[in-house]
Number of protein chains: 2
Amino acid sequence: MELLINPARKDWPSLCLRPSSDNPEVVKRVNSIIERVRKDGDLALKQIAEEIDVFIPYSLEVTKDELLEASDKVSAEVKHAIETASRNIAAFHKAQLPREIEVETQKGVRCIQRPVPISRVGIYIPGGTAPLFSTVLMLAIPARCAGCKEIIMCTPCGKDGKVAPEVLYSASVCGVDRIFKTGGAQAIAAMAYGSGSIPAVDKIFGPGNQYVTTAKQLLGNRITAIDMPAGPSEVMVLCDDSTDPRFAAADLLSQAEHGADSQVMLVSDSIDGARAVMEEVERQTETLDRADYIRKSLSKSRFIVFDEKKEMVDFANTYGPEHLIVSLKDAWSVVDQIYCAGSVFVGAYTPESAGDYASGTNHTLPTCAWARSYSGVNIDSFLKKMTIQEISGEGLKGLAPTIVAMAEAEGLQAHANAVTIRCGYEKK
Amino acid sequence: MELLINPARKDWPSLCLRPSSDNPEVVKRVNSIIERVRKDGDLALKQIAEEIDVFIPYSLEVTKDELLEASDKVSAEVKHAIETASRNIAAFHKAQLPREIEVETQKGVRCIQRPVPISRVGIYIPGGTAPLFSTVLMLAIPARCAGCKEIIMCTPCGKDGKVAPEVLYSASVCGVDRIFKTGGAQAIAAMAYGSGSIPAVDKIFGPGNQYVTTAKQLLGNRITAIDMPAGPSEVMVLCDDSTDPRFAAADLLSQAEHGADSQVMLVSDSIDGARAVMEEVERQTETLDRADYIRKSLSKSRFIVFDEKKEMVDFANTYGPEHLIVSLKDAWSVVDQIYCAGSVFVGAYTPESAGDYASGTNHTLPTCAWARSYSGVNIDSFLKKMTIQEISGEGLKGLAPTIVAMAEAEGLQAHANAVTIRCGYEKK
């Protein structure tokens, strides 16, 4: 944990740097995996699984029996939690549904913007130690609210050929239509190209390791659409002498436990306050199971103190954190100056974990300062906005001089003809 | 011009294929250009210009005097047309401005989705034979409506060091803040990394040749955001025996004149109707200046006849055209079944050129069937949607059992701690 006092603006860019994830070896391997899946489909999926010694299921698709079995294994308590979280997520995302917009821009010229759901979306859920069933909720529920026709999901299975019951149960209650047991870059390639049993999707969502994110980066904008560029998770906590150091420390630690590459930043206007949080972080770390991960992540964490609140705000906007916790006396006056963050948590009783699971906001958020240009996943992520226009004969006559003048100035004669042939408009 | 009658569904994918644009030589060259601009900034821009023998301006930035000079050169008629088109574009895009959404998902849990303009956007306008000033309108006006703080523009200058006056005039009246004389992949790299005189932007918009689109593809999702993947322009016209063949032909030709790689498709339920349009296309082509381009584009065009209207609709959604003209007796009943198209033009008096210039809709649209997952440029393209949540002490108590149950099931103890430490909730 490094403590910095009033760092100069010229040093901000280096303080805002994230670890680079460009690894040519990974890119090479992922490209080869993509090529194999594109050519051989399901066969490639099974062969790759064999090579990396993971369980090869007889059928890639999860059966109804497996879903029923999973449901039996999930505790009533977790089921109830999933239900509550789902209700909040659905409520917030349904409220975002855009309406159709219609404007008569000039007489007889009617323009419409119509939201249309993306037909088939694919969700990737990583395997590994923690079964990230909350991500199933965060992706499948908005897709369902948006009206997507088909939601498919890929996730790796364990050595025993099974997927965590919470993941299957969540997929089932959130309306995922088909689930396939395959992971890594090969799962992303299968959803992009189709593999035989796995259909090609129109857009791919979800987190993953560097192979998964590299595959999404390589295929996105070329073969399929993706949710957003991905990077390690991050939190920035803004605090002052009104902040309870125990709360700030707990927030930093809940981010640090995600993994050794998590980014943890505290920005304060009080040296004593920052020191108090540092001490509290040390104390709480002792009590946690994932202390090893946490210490690695904390070793790169930064505690920054600025004299001026304005500097705190500017630094937060420059860093562009995925999660920004604003735990300040006059929190809203600061929140209203924030324009670059994925999701903002206001006040003493709004921990990041509330948004991670259950407040209703989405936890799939832009990292690595992508908040400069990207939104977190929201209802728009599952929609396209198609425009429609209808012009009357009179309307076209009114618009003709404008279109013809512009088309001629651009040297596009046939563009002008398409108007003049319809309405007999002749340039004077 | 090829005429196909009732093509089988199994042949649709090949009928919907677009020419592939992956050219390893172009990728290699563009990568080298990107690397030079990243390292040497402005110096690289000048050196590259020298190498490809284009005019090297003393200063990259267009001066106020140049803007005044350009304004003098634009005719009153074109100025008036720009004014009318701008008013329509602004009206339609302002109507799309999303409002802030606030939902209390459960007692004491307040979730907000706040639209925030992207701070600095970059617009690329190609040079070449036709001065595409309409694209300046289509990108700068929505950026201004969205509230972007800074709009910068790059465009190549001619051998005389000048930019087309219509382009400069449009930029000036649409609120572009700074204009730089540089083009090609190097301009895209400069806007992505910053070059010294050209500032790095948060998102890059605009069309271009294969070097420009390759640079956008290589940098997008890695260094900066881009508007959408790009490909050659396309139109599909749906017609029946009610369609005036002269109108349909004029629409096909206005697309074909864009360039030899333009895609032109006509889908009809009448063989005689399709043949009449083909004849009319031949006749009108004779009268057009760009007949050479047009013949090349038409040589790959397809006229497809289906017996059933349902097949016409399904084929249109499978092809996913950038522009779809629905010139049918009962046009709206078909339009309401379309879910995959960039922009739809309804009825006999709505030519594509109306949307290209002046109806108010945006002409930056998804090609190559990207309409499956992408919208055309719209107000959202210049905004991010940030979420904000505020939970009261009571609210957190209500949410605690849900968060703690989920965090524990995911094995994330510190996530649970951030809640329990705040509200004293202990799991039974």
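Counting of residues starts from 1 at the beginning of each chain's written sequence and follows it residue by residue. To read the labels, note that chains go from A and ligands from 1, taken in the order they are written. Whole-chain, interface and lining totals are the exception, using all residues; otherwise, since this is a predicted model, local features are given only for residues with pLDDT of at least 70 and side-chain atom pairs are given and counted only at 80 or more. Side-chain metrics rest on all non-hydrogen atoms present in the structure, leaving aside hydrogens and water.

(A) Examining the pattern of salt bridges more closely. Each salt bridge in this description consists of a side-chain nitrogen of Lys or Arg and a carboxyl oxygen of Asp or Glu lying within 4 Å of one another. Inspection of every chain in the model, using the stated rule, returns 60 salt bridges over all chains. The partner of Lys309 of chain A in a salt bridge is Asp240 of chain A, and the shortest N-O contact between them spans 3.7 Å. Of this pair, Lys309 of chain A sits in helix H13 (residues 309–319) while Asp240 of chain A sits in the loop between strand E9 (234–239) and helix H10 (245–256); the two residues are 69 residues apart in sequence, bridging distant segments of the chain. Note on exposure labels: buried denotes an accessible area under 20% of the residue type's maximum, exposed denotes more than 50%, and partly exposed covers the range between, all computed with a 1.4 Å probe on protein chains only. For Lys309 of chain A, a relative accessible area of 28% puts it in the partly exposed group. Across the pair Lys329 of chain B and Asp241 of chain B runs a salt bridge, and its minimum N-O distance is 2.8 Å. With Lys329 of chain B in the loop between strand E12 (323–327) and helix H14 (331–335) and Asp241 of chain B in the loop between strand E9 (234–239) and helix H10 (245–256), the pair connects residues that are 88 residues apart, well separated along the chain. The secondary structure listing takes helices from DSSP runs of H or I that are at least 4 residues long and strands from runs of E that are at least 2 residues long, numbered from the N terminus.

(B) Local environment of the side chain of Glu280 of chain B. Examined against the element boundaries, Glu280 of chain B turns out to sit in helix H11 (residues 271–285). Only heavy atoms matter for contacts: two residues are in contact if any of them lie within 4.5 Å across the pair. Non-local contacts of Glu280 of chain B, meaning those with residues more than four positions away in its chain, are made with Pro245, Arg246 and Ala249 of chain B.

(C) Seen up close, the confidence of the model for chain A. Per residue, pLDDT measures the predictor's confidence, with a range of 0 to 100. Per-chain confidence: chain A averages 94 in pLDDT, with 99% of residues scoring 70 or above. Predicted complex, confidence summary: ipTM 0.96, pTM 0.96.

(D) Representation of the interface of chain B and chain A within the structure. Chain B puts 121 residues into the contact, and the matching count from chain A is 121 residues. The quantity reported as buried area is the accessible area (1.4 Å probe) lost by two parts once they are put together, taken as the sum for both. Of the roughly 10,800 Å² buried where chain B meets chain A, counting both sides, 57% is carbon and sulfur surface. The largest share of the area that chain B buries against chain A comes from Asn221, Glu410 and Arg422 of chain B, three residues that together contribute 8% of it. Between the two partners, chain B and chain A, sit 8 salt bridges. Its salt-bridge partner being Arg372 of chain A, residue Asp202 of chain B comes within 2.9 Å of it at the nearest N-O pair. Of the residues contributing to the side of chain B that touches chain A, the split by class is 61 nonpolar, 36 polar and 24 charged. By the bridge criterion, 4 bridges tie strand E13 (residues 343–346) of chain A to strand E14 (residues 383–391) of chain B in an arrangement that is parallel. Looking across to E14 of chain B, one finds that Phe345 of chain A is bridged to Gln389 of chain B. The residue classification treats Ala, Val, Leu, Ile, Met, Phe, Trp, Tyr, Cys and Pro as nonpolar and Asp, Glu, Lys and Arg as charged. All others, Gly included, are polar. Pairs of strands are assigned from DSSP output, requiring at least two bridges between the strands.

(E) Summary view of the relation of the copies chain B and chain A. Relative to chain A, chain B is turned by 180 degrees and slid 0.0 Å along the rotation axis, the superposed coordinates differing by an RMSD of 0.0 Å. Taken together, the rotation angle and the small translation identify this as a two-fold axis. Here 100% of the interface residues in chain B have copies in chain A that are interface residues too; the copies meet face to matching face. To line up the copies, we fit them by least squares on C-alpha atoms, keeping just the residues with pLDDT of at least 70 in both.

(F) Inspection of the state of the cysteines at higher detail. Disulfides are defined in this document as cysteine sulfur pairs within 2.5 Å. A complete count under the given rule lists 0 disulfides over all chains for this structure. Of all cysteine sulfurs, the one in Cys16 of chain A lies closest to Cys239 of chain A, which takes part in no disulfide; the gap is 17 Å. Assessed through its relative accessible area of 2%, Cys239 of chain A is described here as buried. As a non-bridged cysteine, Cys154 of chain B has Cys157 of chain B as the owner of its nearest cysteine sulfur, 11 Å distant.

(G) Representation of the environment of Glu102 of chain A in the model. Residue and element names in this part refer to chain A. Checked against the element boundaries, Glu102 lands in strand E2 (residues 101–106). Given a relative accessible area of 47%, Glu102 falls into the partly exposed group. Distance from Glu102 to Val335, taken between C-alpha atoms, is 33 Å for residues 233 residues apart in sequence. Every residue in contact with Glu102, bar those within four places of it in the chain, is listed here: Arg110, Cys111 and Ile112. N or O atoms within 3.5 Å of each other form a polar contact, as long as, within protein, one can give a hydrogen and the other can take it, and as long as residues adjacent in sequence are counted only when both atoms are side-chain atoms. Side-chain polar atoms of Glu102 contact the side chain of Arg110, separated by 2.7 Å.

(H) Region of interest: the packing of helix H2 (residues 24–40) of chain B against helix H8 (residues 184–193) of chain B. All names here are of chain B. It is at 9 Å that the axes of H2 and H8 come closest, and there the two elements cross at 45 degrees. Classified by the angle their axes make, H2 and H8 are oblique. Note that H2 runs across H8; the crossing there is right-handed. Where H2 approaches H8, its residues Val30, Ile33, Ile34, Val37 and Arg38 are matched on the opposing element by Ala185, Gln186, Ala189, Ala190 and Tyr193. The class makeup of the residues in the contact of H2 with H8 is 8 nonpolar, 1 polar and 1 charged. Axes here refer to lines fitted to C-alpha atoms; in helices the fit is confined to the stretch in contact. Angles between the N-to-C directions go from 0 to 180 degrees. Orientation labels follow simple angle bins: below 35 degrees gives roughly parallel, above 145 gives roughly antiparallel, 65 to 115 gives roughly perpendicular, and whatever is left gives oblique. Left-handed describes a crossing in which the near helix is turned anticlockwise from the far one by less than a right angle; the clockwise case is right-handed.

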